[in-house]
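Read off the chains here:
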Amino acid sequence: MTLPSHAGIVVIGGGIIGCSTAYHLARDHKADVVLLEQGKLTSGSTWHAAGLVGQLRSSASITRVLKYSVELYKGLEAETGLATGWKMTGCLRLATNADRWTEFKRLATTAKSFGMEMQLLSPAEVKRMWPLMETGDLVGASWLPTDGQASPSDITQSLAKGARMHGARLYEDVRVTGFEMKDGRITAVKTEKGDIACEKVVNCAGQWARQVGAMAGINVPLQPVKHQYIITERIEGLANDAPTIRDPDRRTYFKEEVGGLVMGGYEPNPQAWTTGDVPSDWEFRLFDDDYDHFEQHMHQAIERVPALANAGVKQMINGPESFTPDGNFILGVAPECANMFVGAGFNAFGIASGGGAGWVLAQWVVDGEAPLDLWVVDIRRFSNLHRDRDWVRDRTLEAYGKHYTIGFPHEEYLSGRPRIVSPLYQRLKTHRAVFGSKLGWERPNWFAPDDTAPEDIYSMGRQNWFGPVGDEHRHVREKVGIFDQSSFAKFEMTGTDALKALDWICANDINKPVGRLTYTQLLNTRGGIEADLTVSRLGEDRFYVVTGTGFRTHDLSWIGDHIGQGLDTRLKDVTEDFGTLSLMGPRARDVLAAVTDADVSNVAFPFGHAREIGIAGHIVRALRVTYVGELGWELHVPIAATGEIFDALMAAGEKYAIRPVGYRALESLRLEKGYRAWGSDITPNDTPQEAGLGWAVKLRKNTDFVGRRALEKLAGKPQTKQFAGFTVNDPEIVLVGRETILRNGEPVGYLTSGGYGYTVAKNIGYGYVRNADGISDDFLASGDYELVVAMERTPAKIHLEPMYDPLGEKIKA
């Protein structure tokens, strides 16, 4: 065998993800593709996967990816002549308690929002469909008829054949040993059998993806975990088209296989494999059976399907699967290397995801940007924190253990905390802060009054922080609050071409005088919103960029990747150099004036301006901007002075009843004001015009910028969706997002975010109203609206303006 000396794209890994990616690159893009597999196709973890195929996730885009998998598997045999073992058996998910049943009602609503029919069944209906099941403890079950099962090895071989039919070249028994690099890009893939020069590399190496990435200096934070299941002998009375079962309250799953059952589960005490390198010769290999560890699943499974007690076990499978710290898989372009793409870490969901993940990853590789809003799986959601293998292991095991637990709203992970703390951590603790965690940073979510335990108590209804957060919210509306937002990601761009670079990257006009601050979006070539952030011009050639905590890696990478070649610019991450104290509320100016000699009057320091001012002997970057709809400043302070400046503000603000306020109140304040949150309300799927943010785009200026052409093309066509707000009067209802929007009884969209507005005393939700024939204000205003919340319809009122805006100009005055 002789390897080619050159290929356009090299895919590393011959499991289902690698073969699917190669297939789509060859079929859809006619790309020059070579796939390298160190052993035989499927020999890593694909061959021992259980093969369940579910489609519904909490992200519309990921659900679309999984639905695509099902469509592909249905038709693949006709194209390649190789069967995939696809069976549309449907899936039953069992509920044994009220919280789980509420979760399923919300899931069924989400399914409807995403165009799928999930039905809710009674225990008697479940018994009729699955007579061997014990149903005495059931409240009910959800039924998704289009889910099913497939044979992992057969699908992969079928995809591999399809890839070859479309011109891809696949090579087995070729181990990658490293990369040739130049200027942070891969120029060639080194193997034991020769080198291949290439333009792009796709790392689909499964549990070896971390090692392959490390050869190019990139981090793929996954952890192999031992996952066990059994295959039984034939069981009398089991139909060969029996639905797959997920029994989350018992942490187990079942599927029919050759007249018997496959049964496995997700235990709360999972066993990690190595945090070091996975042996490269781990081919078609398993661990020894571990019945002691598996006994917890066996016990639960027999209570559910008593016939299992007498069924012989044909085989136990105990193999490693790649899991990630948040339970979502990893796709996209590596932030450390602009031409390595990754598809890995599928959390035992690789078969369900395989077809669709290969489809979107191939498109991503060819275009250089994701074709959909794939933020929840984007590799750029991670940070340097995720280079710590012990931290990744502990958090991944926690995520694995939660695979089947009830997904309460606002639930926080507990492992590996506290990891990164602001200088105010201990001070805020003495104020009884209850912390959450974002990209490793401890952040105060709310502050517990003296009569309330400082901890979250989760539930499906109103949680224990609901009242205290209302008090914090009102305090900011009426007096003054201080938010510790030190975790904000902060970058500086300098150089004689800094303005030119940012002008191309930013959709809004940032070519303003020194001392001005601009809110802007960064768009992709489809005109979708890849990021939204603020840019402050501190000098002619010096800009300060502030964005959300979780978007640090993504936004830094996006900006860096879009700086024109040959420009004199330097982009630097200065997140840890500055603490951020947001002083917000009607008395904010009084407090600020008391601690600085600078003139902070509206004339001297208007809205949308940035100034360097002195506080407590330190130079502070003061940005006049708000995310809460009140007068306020973000104060970016030298990190070592954060405590001193906080103390000065608290002392000066005592007579105005200043108090610290948390992120949950920030959320309710922004909902009332109609500020959009990136990742939910605005995403790469949404244009500024659809989001009601067209005012922040410089289309009137004769300046080119990323996404301009797409927006100009769309300008002549009728808009088919529009962002809108909704209120619901019923105080018992809890909005969390993904509730279906009905207009005159017909579904027209779903909520992208939801919560409660304490000033307007109503539930608030936001979402896009869709109409294929075009959207107008008249269309929006003339409808009669309802929301479907946990399968119940409730009247709603539409809002096209902020629900709370008595200030109008007062924020800016």
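From a predicted model like this one, the values you see are computed outputs, not experimental measurements.

Right, let's talk about unusual backbone geometry for a bit. Here the residue pair Arg-417 and Pro-418 is connected by a cis peptide bond, since its omega of -10° sits within 30 degrees of zero. Relative to the helices and strands, Pro-418 resides in the loop between α9 (389-401) and α10 (425-430). Here the phi dihedral of Val-258 falls at roughly 45°; this positive angle occurs in a residue that is not glycine. Relative to the elements of secondary structure, Val-258 occurs in the loop between β14 (252-257) and β15 (260-265). When its relative accessible area of 56% is taken as the criterion, Val-258 is described as exposed.

Now for helix α16 (residues 663-673). The buried fraction of α16 amounts to ten of the eleven residues, a majority that puts the element mostly inside the structure. Buried residues of α16: Tyr-663, Arg-664, Ala-665, Leu-666, Ser-668, Leu-669, Arg-670, Leu-671, Glu-672 and Lys-673, and no others. The inward-facing, buried residues of α16 contact β21 (441-447), α11 (466-478), β22 (481-484), β32 (659-661), β35 (746-757) and β36 (762-770). Just past α16, the residue Gly-674 takes up positive phi, approximately 80°.

As summarised here, the arrangement of the six strands in space is β29-β30-β31-β28-β22-β32, forming an open sheet in which the pairing is mixed. Strands at the two margins of the open sheet, each flanked by one partner only, are β29 (610-615) and β32. Averaged over all adjacent pairs, the angle separating strand axes in this sheet is 30°, with direction ignored. Of the strand pairs in this sheet, β22 and β32 are connected by three bridges, and their pairing is parallel. Residue pairing in the sheet places Gly-481 in a bridge with Arg-659 of β32. Along the sheet, α11 contacts β22, β28 (578-584) and β32; its crossing angle with β32, the most-contacted strand, is approximately 115°.

Let's shift gears to the pairing of β36. Most of β36 is tucked away: seven of the nine residues are buried. Of the pairings in the sheet, the one linking strand β33 (residues 721-728) to β36 comprises eight bridges and is antiparallel in character. Within the sheet, the bridge partner assigned to Gly-725 lies in β36 and is Tyr-766. Note: β35 against β36, six bridges, orientation antiparallel. Following the sheet pairing, Gly-757 is matched in β36 by Lys-762.

Moving on, we come to the packing of aromatic side chains. Applying the stated criterion to the full structure yields 27 aromatic pairs. Centroid distance Tyr-253 to Tyr-266: 6.2 Å. Interplanar angle 50°. Geometry classified as tilted. Of this pair, Tyr-253 sits in strand β14 while Tyr-266 sits in the loop between β15 and β16 (271-272), placing them 13 residues apart in sequence. In this structure, Tyr-253 and Tyr-266 share a single accessibility class: buried.

Core analysis: the biggest nonpolar cluster contains 52 residues, and Val-11, Leu-25, Leu-159, Val-202, Leu-331 and Leu-374 have the highest contact counts within it. Breaking this core down by element, the ones donating at least two residues are β1 (6-12), α1 (16-29), β2 (33-36), α2 (60-80), α5 (152-165), β18 (330-333) and α8 (350-367). Ranked by the residues each element gives to this core, the list is headed by α8, at nine residues. In this view, Leu-331 contacts Val-342, Gly-343, Phe-346, Ala-357, Val-360, Leu-361, Trp-364, Val-377, Asp-378 and Ile-379; residues no more than four positions away in its chain are not counted. Counting residues in each nonpolar core, the second largest holds 35 residues, with Val-10, Tyr-171, Ala-205 and Ile-379 among its members.

Within the element layout of this structure, Thr-324 appears in the loop between β17 (313-323) and β18. Contact partners of Thr-324, with chain neighbours within four places excluded, come to Pro-221, Ile-330, Gly-345, Asn-347, Arg-381, Thr-396 and Ala-399.

Now for the pairing of strand β30 (residues 618-623). Sheet analysis places β29 next to β30, joined by six bridges and oriented antiparallel. Its bridge partner being in β30, Ile-615 is matched across the sheet by His-618. With antiparallel pairing between neighbouring strands as the criterion, β29 and β30 make up a hairpin whose turn holds two residues, including Ala-616 at a positive phi of roughly 55°. Pairing of β30 with strand β31 (residues 632-638) involves three bridges; the strand directions are antiparallel. In the sheet register, Ala-622 faces β31, and the bridge partner there is Leu-635.

Definitions and limits used
Residues numbered from 1 in each chain as written. Predicted model: local features only at pLDDT ≥ 70, side-chain atom pairs only at ≥ 80, totals over all residues. Heavy atoms only, no water. Helix = DSSP H or I, 4+ residues; strand = E, 2+ residues; numbered from the N terminus. Buried < 20%, exposed > 50% of the residue type's maximum accessible area, 1.4 Å probe, protein only. Contact = heavy atoms within 4.5 Å. Pairing = 2+ DSSP bridges. Axes fitted to C-alpha atoms, helices over the stretch in contact; angles between N-to-C directions. Phe/Tyr/Trp six-rings, centres within 6.5 Å; stacked < 30°, edge-to-face > 60°. Core = buried A, V, L, I, M, F, W, Y, C linked by side-chain atoms within 4.5 Å.

That is the geometry; function is a separate question.
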